[in-house]
Amino acid sequence: MDGYVNFYPANPNLQSAFTSAMTRPCYLNIFLDGDFDPSTHSGNVRATLILEASIGTGPFRLHFAAVSKVVPYPHGYFSDFHYPMRRMCPNYNGTTVTFSGTYPETLEVSIPFTLDTTWWNYEEGAIYFAVWLQTHGSPKYIHQSNKIDISGLNAVEETPSSPVLSDIFGLGDFYPNPFVGTAFIPVQISSASSVSLRIFDVSGRTVRTIAVNRELDSNTSFAWDGKDDSGREVSAGIYRVELTSPDRNDSKILIKVQ
């Protein structure tokens, strides 16, 4: 978990504990996506946990909270606004998560939620979802966290609208992901473009250049055999695939396992 915070009002003990926790190495990444149906005010947040090394013996629980942004609150230390935690799902105990001990390891957890429109100062567009993995032992550690705005979920429209033609440029869903031997990388474009496709490791180093200034005029798919530009097999881990053109770019995470 990366970052820093200054507590207000000042609390030296809490500040010291937080600062100490920030020095611990983090071997966990949490990626979030999901879906939301505004007609029922409900949906699912999907958390993909990628563990690169041991984070201890546990037990571990994944916590989820629906949070509202910028809600007026004229009392206490919040003179203008605060971020109230509206609801924890499925409850305050969280969801038990168990790792097998083989790294890198990927787990997916789906967390259903329903928003309550009677919440004070309810504003659906101002809601985000916070997710964090915590050790429920002694001591208690929060190993990693992430959040996603409600606008980042794949909303289901209440009333189907007429299709709108748009200029499409981007990466499709990799398959399989995670992969062992070969991964296929779909590229989606709606007009002719010159594209480059490169793969980077977590340090930002270019691992493989698949295409440079290649002219495309329709959707296509590239294959990566899990090797670098020298023909050597790369190690298992997290890689970033980047698609670029003279005026646009897109990137997504691809995971290689043993």
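Here the residue numbering is sequential within each chain, running from 1 through the sequence in written order. Given that this is a predicted model, residues contribute local features only at a pLDDT of at least 70 and side-chain atom pairs are listed and counted only at 80 or more, while totals for whole chains, interfaces and linings are drawn from all residues. Water and hydrogen atoms were dropped before computing side-chain values, which therefore reflect all heavy atoms in the structure.

Pairing between the strands of a sheet is mediated by backbone hydrogen bonds and can be parallel or antiparallel. One requirement defines pairing of two strands: DSSP has to find at least two bridges between them. What counts as a helix is a DSSP run of H or I of at least four residues, what counts as a strand is a run of E of at least two, and both are numbered from the N terminus. In space, the four strands of this open sheet follow the order 15-14-17-18, with antiparallel pairing throughout. Single-partner strands in this sheet number two, and they are strand 15 (206-216) and strand 18 (249-256). Each strand axis lies, on average, 15° off the axis of its neighbour in the sheet, ignoring direction. When strand 14 (residues 193-200) meets strand 15, the two strands line up antiparallel, connected through seven bridges. Considered in strand 15, the bridge of I199 is made with R208. Convention adopted: a line fitted to C-alpha atoms gives each axis, helices being fitted over their contacting stretch, and angles between N-to-C directions are expressed from 0 to 180 degrees.

Attention shifts here to the environment of P246. Positionally, P246 belongs in the loop between strand 17 (237-244) and strand 18. Exposure classes here rest on a 1.4 Å probe applied to the protein chains alone. A residue is buried below 20% of its type maximum, exposed above 50%, and partly exposed in between. Of the residues examined, P246 reaches a relative accessible area of 75% and is grouped as exposed. Note: C-alpha distance between P246 and N213 (33 residues apart in sequence) is 9.0 Å.

Let us now look at the pattern of salt bridges. A side chain of one charge can pair with a side chain of the opposite charge when the charged atoms of the two come close. Basic side-chain nitrogens of Lys or Arg form a salt bridge, by our definition, when they fall within 4 Å of a carboxyl oxygen of Asp or Glu. Using the criterion set out here, one finds eleven salt bridges in the structure. With a shortest N-O distance of 3.9 Å, D229 and R208 are connected by a salt bridge. With D229 in the loop between strand 16 (220-224) and strand 17 and R208 in strand 15, this residue pair connects regions lying 21 residues apart in the sequence.

Within the largest apolar cluster, 29 residues are counted, with the highest numbers of intra-cluster contacts made by L49, L62, F99, F113, L115, F129 and L133. Mapped by element, the contributors of at least two residues to this core are strand 1 (28-37), strand 2 (42-51), strand 3 (60-68), strand 8 (105-114) and strand 9 (127-135). Among buried residues, the Ala, Val, Leu, Ile, Met, Phe, Trp, Tyr and Cys ones that are joined through side-chain atoms within 4.5 Å form a nonpolar core.

Attention now goes to unusual backbone geometry. Across the junction of G58 and P59, the peptide omega takes the value 5°, indicating a cis bond. Tracing the chain through its elements places P59 in the loop between strand 2 and strand 3. The phi angle at H41 is positive, at roughly 55°, despite the residue not being glycine. Turning to its location among the elements, H41 is positioned in the loop between strand 1 and strand 2.

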